[in-house]
Amino acid sequence: GLGGLGIHAVQILLAIGAAPIVAVDPLPVARERALAVGADIALDSTAPDFVDQLMKATGGRGLDHAFDFAGVRVVQEQALSVLSAGGQLTLVGISGQPFTVTDPQRLIVYKQQIKGHFGSVIEEQRSLVRLTALGRLDLSGSISRTLPLEQAPDALHQLEHKEGDPIRIILDPTLT
């Protein structure tokens, strides 16, 4: 998923020299955003030849690291299916839905890993602030608009229904 977290991840992966950076999202506008911030390729997860495209982009290897920012079961399953030998899936998106590994033998044979991550470790936050201060991470692109606090119901509606292609909406109590 290439919402706010996904777009930030592309920027961080670029800053640390990851290559290739394969961004995946069903929405064309999200894929365009990912390419604009440095992804090497952006793929449609719903394309019938998605796996073939991904394997071509990785030289047949698959992904060494996959990140699920959507918290959606189908995304998690798809990411697992394209991991390289020794590859790792990191679950970031929170859904509240159960996640089941349907092919545990693949994980065992190929020594793959699944881990969770919740980004509130203080040292990681300090690293993000440093990257932002150095101009290597631009968080502004994930802020779609700023609205007064009274418009919180409208903001939630826009996010839920993806009106205007929002990523993040900031509620500012000082605006009227």
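See the structure printed just above.
Residues numbered from 1 in each chain as written. Predicted model: local features only at pLDDT ≥ 70, side-chain atom pairs only at ≥ 80, totals over all residues. Heavy atoms only, no water.

## So, helix α1 (residues 4–15)
Applicable threshold: By definition, any uninterrupted DSSP run of H or I lasting at least four residues is a helix, any uninterrupted run of E lasting at least two residues is a strand, and each is numbered from the N terminus. For a helix, the expected span equals 1.5 Å multiplied by the number of residues minus one. Only protein chains enter the area calculation, which uses a 1.4 Å probe; residues under 20% of their type maximum are buried, those over 50% are exposed, and those in between are partly exposed. Whether two residues touch is decided by their heavy atoms; if any such pair falls within 4.5 Å, the residues are in contact.
Over its 12 residues, α1 runs 17 Å from end to end, which matches the ideal 16 Å to within 8%, given 1.5 Å per residue. For α1, the full list of buried residues reads Gly4, Gly6, Ile7, His8, Ala9, Val10 and Gln11. Residues of α1 that are buried make contact with β1 (22–24), α2 (28–36) and β7 (168–172). One or two steps after α1, the chain reaches Gly17, where phi turns positive at roughly 85°.

## Regarding the packing of aromatic side chains
Using the following cut-off: Classification of ring pairs rests on two measures: the distance between centres of Phe, Tyr or Trp rings, Trp counted by its six-membered ring, which must be within 6.5 Å, and the angle between planes, read as stacked under 30 degrees, edge-to-face over 60 and tilted in between.
On inspection of all chains with the given rule, the structure shows one aromatic pair. The interplanar angle of 15° and the centroid separation of 6.0 Å between the aromatic rings of Phe67 and Phe69 together place this pair among those described as stacked.

## Considering the pairing of strand β4 (residues 83–91)
Selection rule: For two strands to pair, DSSP has to find at least two bridges joining them.
Burial analysis of β4 places seven of its nine residues in the buried class, the great majority of the element. Judged from the five bridges that link them, strand β3 (residues 63–68) and β4 form a sheet pairing that is parallel. In the strand pairing of β4, Ala66 is matched with Leu89. Note: β4 against strand β5 (residues 113–116), four bridges, orientation parallel.

## Re the sheet that holds β5
Let me state the cut-off plainly: An axis is simply a line fitted to the C-alpha atoms; with a helix, the fit covers only the stretch in contact. Between two such axes, the angle follows the N-to-C directions and lies from 0 to 180 degrees.
The strand order across the open sheet built from three strands is β3-β4-β5, with neighbouring strands paired in parallel fashion. The open sheet has two edge strands with one neighbour each: β3 and β5. Mean inter-strand twist for the sheet, computed between neighbouring axes without regard to direction, equals 15°.

## Details of the nonpolar core
Looking at soluble globular proteins, one finds that nonpolar side chains tend to be buried together. As a reminder of what qualifies: Nonpolar cores are built from buried Ala, Val, Leu, Ile, Met, Phe, Trp, Tyr and Cys residues. Side-chain atoms within 4.5 Å join them into one set.
Ranked by internal contacts, the top residues of the largest apolar core, which has 14 residues, are Phe50, Leu54, Leu63, Ala66 and Leu89. The element contributing the most residues to this core is β4, with three residues. Look past the residues within four positions of Phe50 in its chain and what remains in contact with it is Val24, Leu43, Asp44, Ser45, Gln78 and Val82.

## With respect to the environment of Thr100
By secondary structure assignment, the location of Thr100 is in the loop between β4 and α5 (104–109). A sequence separation of 24 residues divides Thr100 from Gln76, and the C-alpha atoms of the two residues are 9.4 Å apart.

## Observations regarding unusual backbone geometry
Outside of glycine, negative phi angles account for most residues, and trans bonds account for most peptide bonds. That bond from Ala19 to Pro20 is cis: its omega, -10°, falls within 30 degrees of zero. Backbone geometry at Lys111 places phi at a positive 55°, although glycine is not the residue there. Within the secondary structure, Lys111 is located in the loop between α5 and β5. Owing to a relative accessible area of 64%, Lys111 belongs among the exposed residues under this scheme. The backbone of Asp165 sits at a positive phi, close to 55°, despite the residue not being glycine. Structurally, Asp165 can be placed in the loop between α7 (152–160) and β7. Residue Asp165 is classed as partly exposed on the basis of its relative accessible area, which comes to 27%.

## Structural notes on the pairing of strand β6 (residues 143–148)
Basically, it comes down to this: By convention, a crossover is right-handed whenever its connection, traced from the first strand over the helix to the second and viewed with the strands pointing away, goes clockwise.
Pairing geometry for β6 and β7, over five bridges, is parallel. Residue pairing in the sheet places Leu147 in a bridge with Leu171 of β7. Chirality of the crossover, the property in question, places the unit of β6, α7 and β7 among those that are right-handed.

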